[in-house]
Amino acid sequence: MTPSTLRYRLPARLFHWIMAILVLAMLPAGVVMVQQGLDRSLQNTLFVFHKNVGVLLLMLVIARAVYRWGHPPAALPAELPGWQRRIAGLSHASLYALLFIMPIAGYIRVKAGGFPIETLDLLGVPSLVPRSDALAEVAKTVHYFAAILFAGVIASHVAAAAYHGIIRRDGVFSRMWPPFSGRGG
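For the structure given in this document, a descriptive report is provided here. Just so it is clear, the model here is predicted, and its values are computed rather than measured. (Residues numbered from 1 in each chain as written. Predicted model: local features only at pLDDT ≥ 70, side-chain atom pairs only at ≥ 80, totals over all residues. Heavy atoms only, no water.)

We now examine a nonpolar patch on the surface. Residues Met59, Ile62 and Val66 make up a contiguous nonpolar surface patch of about 280 Å² in total accessible area. Residue placement: Val66 occurs in helix α3 (residues 40-70). Relative accessible area serves as the criterion here: at 55%, Val66 is assigned to the exposed category. (Patch = residues over 30% accessible without salt bridge, like charges linked within 9 Å, V, L, I, M, F, W, Y side chains within 5 Å. Areas by Shrake-Rupley, 256 points an atom, 1.4 Å probe, with all protein chains shown as cover. Salt bridge = Lys/Arg side-chain N within 4 Å of Asp/Glu carboxyl O. Helix = DSSP H or I, 4+ residues; strand = E, 2+ residues; numbered from the N terminus. Buried < 20%, exposed > 50% of the residue type's maximum accessible area, 1.4 Å probe, protein only.)

In structure tokens:
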């Protein structure tokens, strides 16, 4: 295989890095916004940011999944051990699942709790769930534990990327980096 056939295509790399930046902004915003004693103005700003970027992330992950369905990922290097291939597959499946679970659980928590999602409300999108404190609490719990799992999966993904990019230098990291290179089409 040529180096360009081992790389993700430009749209896949852009989806990856745009979503990575947004997720890495969302996680600390989500932690900080629920802290007791936080200035109310800052808290409101973080809630608005978190809810609306969550909607954007859901739209991006849907678009990304559709793109990936039509454009399968680049092949892994042939010399990559089978166990690493299996872990990479599990890691990617977990990331995709959590990229769907987090915003859906967040949406349910907010709308069932009777709170606005400003962008959707501005566009006239009706709530897709009934007002229910019990449902809001279940969704809040799912969102909370999924966030912890998401942070762990992200940390392992970043660690694996660093391992392949810095220690092994086996081409796995360069499949996704640099994001704007025209190579790999």
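And the narrative resumes.
Let us look at the packing of α3 against helix α4 (residues 82-112). At a closest axis distance of 9 Å, the pairing of α3 and α4 adopts a crossing angle of 145°. The handedness of the crossing between α3 and α4 comes out as left-handed. Every residue of α4 that contacts α3 at Lys51, Gly54, Leu58, Val61, Ile62, Arg64, Ala65 and Arg68 is listed here: Tyr96, Leu99, Phe100, Pro103, Ile104 and Val110. Grouping the amino acids of the contact of α3 with α4 by side-chain chemistry returns ten nonpolar, one polar and three charged. (Axes fitted to C-alpha atoms, helices over the stretch in contact; angles between N-to-C directions. Left-handed = near helix turned anticlockwise from the far one by under 90°. Contact = heavy atoms within 4.5 Å. Nonpolar A, V, L, I, M, F, W, Y, C, P; charged D, E, K, R; others polar.)

This next bit is on the packing of aromatic side chains. This structure, assessed with the given rule, holds four aromatic pairs. With a centroid separation of 6.1 Å and an interplanar angle of 50°, the aromatic rings of Phe15 and Tyr67 are classed as tilted. Here Phe15, found in helix α2 (residues 10-33), pairs with Tyr67, found in helix α3; they are 52 residues apart in sequence, far enough to count as distant. The class for Phe15 is buried, based on a relative accessible area of 16%. Plain terms: the ring middles of Trp17 and Trp177 are 5.1 Å apart, the flat faces sit at 75° to each other, and that makes the pair edge-to-face. Of this pair, Trp17 sits in helix α2 while Trp177 sits in the segment after α6 (133-168), placing them 160 residues apart in sequence. A residue is classified by how much of its surface remains accessible, and Trp17, at 24% relative accessible area, is partly exposed. We classify Trp177 as partly exposed; its relative accessible area is 40%. Taken together through their ring pairs, the aromatic side chains of Trp17, Phe173 and Trp177 make up a single cluster. (Phe/Tyr/Trp six-rings, centres within 6.5 Å; stacked < 30°, edge-to-face > 60°.)

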